[in-house]
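Letter by letter, the chains look like this.
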Amino acid sequence: MSTFSEYNFAGQKALIRVDFNVPLNDKMEITDDTRIRAAIPTIKKILSDGGMVILMSHLGRPKDGPTDKYSLKHLVKHIGKLLGGKTPVLFANDCIGEQASMTAGMLKPGEVLLLENLRFYKEEEKGDEAFAQKLAKLGDVYVNDAFGTAHRAHASTAVIAKFFPKGKKMFGLLMEAEVNSAEKILHNPQKPLTAIIGGAKVSDKILIIENLLEKATDIIIGGGMAYTFMKASGGKIGGSLCEEDRLQTATDLLKKATEKGVCIHLPSDSVIADKFDAAANTSTAPSNNIPDKWLGLDIGPNACDQFSNVIHKSKTILWNGPMGVFEMQKFQHGTKTVATAVAESTQKGAFSLVGGGDSVAAVNQFGFSDKVSYVSTGGGALLEYFEGKELPGIAAIRNS
Ligand code: AMP
């Protein structure tokens, strides 16, 4: 497998799969450009080598072919701006076909071509070989920098790799950073390794907890999902979130953890509310003794200390999912406290990775994104990675 940084792109057309699936408002303006910014170093390195860049991505979930709302043309200007305003960014209003191949063919070193939305073709998500081959013809080298879609075996994320010889397919800088960070946790992490798992649903996180039971020293469980575990252990949880059909799963996970010597930490107390509302009346209670009709919406003050102590002793930390309803001010203290502890531990030398939609949003909202070792751009992809699955986008490059 070639390394992106060592490769000289001079005179080469690099076909890069990026994840430019950014949110747009009614005026077709980008409301969060994180995903585009994340790919800029990869693009810049190719251009500065004297190479040409062809960008391909999906945007949204178009159902019936080309739709203005999902056109990548809305991104052209902004990409140019992020590249410094001097790089020509061309646009092909199809990702395959005559216009795409002609424009790609005429591309000069230092230029960028953005192809139209890959998902305007059903073949993309189906992983169609003929479609992948047509895309492949546009470039000399294939670069995958779309970690956010690495868990999909789509034409442009995985299948396409087979049409490039060894040495002409590689991860981009973002993908490399994502993979390296995840591997620091999955392979030979410095111990103690603590996984902090939060969010709403146990059902979404069962596989990740199961896989981490093989690796972690401690697993902290917070957020709404903690109450299913509390109830499974005989606690009274009032009206807190509970997945009744997962009580047995929770019991099994707790048992497995004991067998494997992994310490599971559930919040000893909770901030409780008389309704799910930003203006609700609040109090605190032991998490296993919440009064009827009250619901646990954040970890309590004792749990904050309990979790912080574990985090401070850790050398490697993975954090996925908030500790409470952090979107409401009254219930964000737990998530903030955990973010602070992760930042402090990082400062003392621990490696910390934050990933998965809402914990990333929380870390950004509270201003901690530059105080942790790595903030992942992958939601579903990161979860699947930590579930122990081989991601097709990674395997396609590594194993061929
Ligand atoms: P997830 O997407 O599963 O990571 O869940 C994130 C969501 O879980 C956020 O929108 C939080 O508001 C929500 N959440 C966290 N803790 C609780 C809780 N105790 N009760 C209800 N929702 C919660």
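Throughout this description, residue numbers start from 1 for each chain and increase along the sequence as written. Where totals are concerned, whole chains, interfaces and linings use all residues; where local detail is concerned, this predicted model gives features only for residues with pLDDT of at least 70, and gives and counts side-chain atom pairs only at 80 or more. To obtain the side-chain values, all non-hydrogen atoms of the structure were included, while hydrogens and water were left out.

## Side note on the domain arrangement of the protein chain
Move 1: Throughout, the edges of the domains are those of an automatic or database domain assignment. The domains assigned to the protein chain are domain 1 (4-171) and domain 2 (179-386).
Move 2: For this analysis, residues touch if any pair of their heavy atoms sits within 4.5 Å. Facing the 6 residues of domain 1 at the interface are 9 residues of domain 2.
Move 3: A 1.4 Å probe defines the accessible area here, and the buried area is the portion of it lost by two parts on being joined, summed over both. The contact between domain 1 and domain 2 buries some 610 Å² in all, and 74% of this surface belongs to carbon and sulfur atoms.
Move 4: Any Lys or Arg side-chain nitrogen found within 4 Å of a carboxyl oxygen on Asp or Glu counts as a salt bridge. For the interface between domain 1 and domain 2, the tally reads 0 salt bridges.
Move 5: Distance and chemistry together define a polar contact, namely a pair of N or O atoms within 3.5 Å, with one atom able to donate a hydrogen and the other to accept it when in protein, and with adjacent residues in sequence counting only for side-chain atoms on both sides. Here domain 1 and domain 2 share 0 residue pairs in polar contact (both at pLDDT 80 or more) between them.
Move 6: The residue inventory of the side of domain 1 that touches domain 2, partitioned by class, reads 4 nonpolar, 2 polar and no charged. Here the term charged refers only to Asp, Glu, Lys and Arg, the term nonpolar to Ala, Val, Leu, Ile, Met, Phe, Trp, Tyr, Cys and Pro, and the term polar to all other amino acids, Gly among them.

## Some remarks on the packing of helix α10 (residues 301-312) against helix α11 (residues 333-347)
Move 1: Axis definition: a line fit to C-alpha positions, over the contact stretch in the case of helices; interaxial angles, taken between N-to-C directions, run 0 to 180 degrees. Numbering of helices and strands runs from the N terminus, with a helix taken as a DSSP run of H or I at least four residues long and a strand as a DSSP run of E at least two residues long. One way to put it is that α10 packs onto α11 with a least axis distance of 9 Å and a crossing angle of 20°. One finds that α10 runs roughly parallel with respect to α11. Here α10 and α11 pass one another in a crossing that is right-handed. Each of Cys 304, Phe 307, Ser 308, Ile 311 and His 312 in α10 lies in contact with α11, whose residues at this interface are His 333, Gly 334, Thr 337, Val 338, Ala 341, Val 342, Glu 344 and Ser 345. These descriptions rest on fixed angle ranges, namely under 35 degrees for roughly parallel, over 145 for roughly antiparallel, 65 to 115 for roughly perpendicular, and the rest for oblique. Left-handed describes a crossing in which the near helix is turned anticlockwise from the far one by less than a right angle; the clockwise case is right-handed.

## What about the site of the ligand?
Move 1: We call a residue near a molecule or strand whenever a single non-hydrogen atom of that residue lies within 4 Å of it. Of all residues adjacent to the ligand, which total 16 residues, the nearest are Ala 200, Gly 224, Gly 296, Glu 327 and Asp 358.
Move 2: In this structure, Gly 296 approaches the ligand through a main-chain N or O atom, which is 3.0 Å from a nitrogen atom.
Move 3: Accessible surface area values rest on a Shrake-Rupley calculation with a 1.4 Å probe, where residue burial reflects the displayed protein chains alone. Relative to its unbound accessible area of 510 Å², the ligand is 81% covered by the protein chains.
Move 4: Considered class by class, the residues forming the shell around the ligand number 7 nonpolar, 5 polar and 4 charged.

## Some remarks on the sheet that holds strand β6 (residues 169-171)
Where strands meet in a sheet, backbone hydrogen bonds hold them as pairs that are either parallel or antiparallel.
Move 1: Spatially, β3-β4-β2-β1-β5-β6 is the arrangement adopted by the 6 strands of the open sheet, whose pairing is parallel. Whereas interior strands pair on both sides, the edge strands pair on one side only; in this sheet they are β3 (89-92) and β6. Averaged over all pairs of adjacent strands, the angle between strand axes in this sheet comes to 25°, irrespective of strand direction.
Move 2: A pair of strands is considered paired only if DSSP assigns at least 2 bridges between the two. Relative to strand β4 (residues 112-115), β3 runs parallel, the two sharing 4 bridges. Note on β4: the bridge partner recorded for Phe 91 is Leu 114.
Move 3: Of the strands in this sheet, β1 (13-17), β2 (52-56), β4 and β5 (141-144) are in contact with helix α1 (residues 34-49), which crosses β2 at around 150°.

## Quick look at the pairing of β5
Move 1: Exposure is judged per residue with a 1.4 Å probe applied to protein chains only, and the accessible area is read against the type maximum: over 50% gives exposed, under 20% gives buried, and values in between give partly exposed. Residues Val 141 and Val 143 line one face of β5 and the alternating positions Tyr 142 and Asn 144 line the opposite face, and both faces are buried.
Move 2: Bridge analysis of β1 against β5 gives 4 bridges, and the strand direction is parallel. Across the sheet, the residue bridging to Arg 17 is Asn 144, located in β5.
Move 3: Two strands pair when backbone bridges link them, and β5 and β6 are joined in this way by 3 bridges, in the parallel orientation. Considered in β6, the bridge of Tyr 142 is made with Lys 169.

## Comments concerning unusual backbone geometry
Move 1: Cis geometry is found at the peptide bond from Lys 191 to Pro 192, where omega equals 0°.
Move 2: Mapped onto the secondary structure, Pro 192 falls in the loop between α6 (173-186) and β7 (193-197).
Move 3: Of note, Lys 293 is a non-glycine position whose phi angle comes to about 70°, a positive value.
Move 4: Mapped onto the elements, Lys 293 comes out in the loop between β13 (289-290) and β14 (295-299).

## As for the environment of Gln 329
Move 1: Inspection of the secondary structure puts Gln 329 in the loop between β15 (316-320) and α11.
Move 2: Residue classification places Gln 329 among the exposed residues on the basis of a relative accessible area of 68%.
Move 3: In this structure, the C-alpha to C-alpha distance between Gln 329 and Asn 364, residues 35 residues apart in sequence, is 15 Å.

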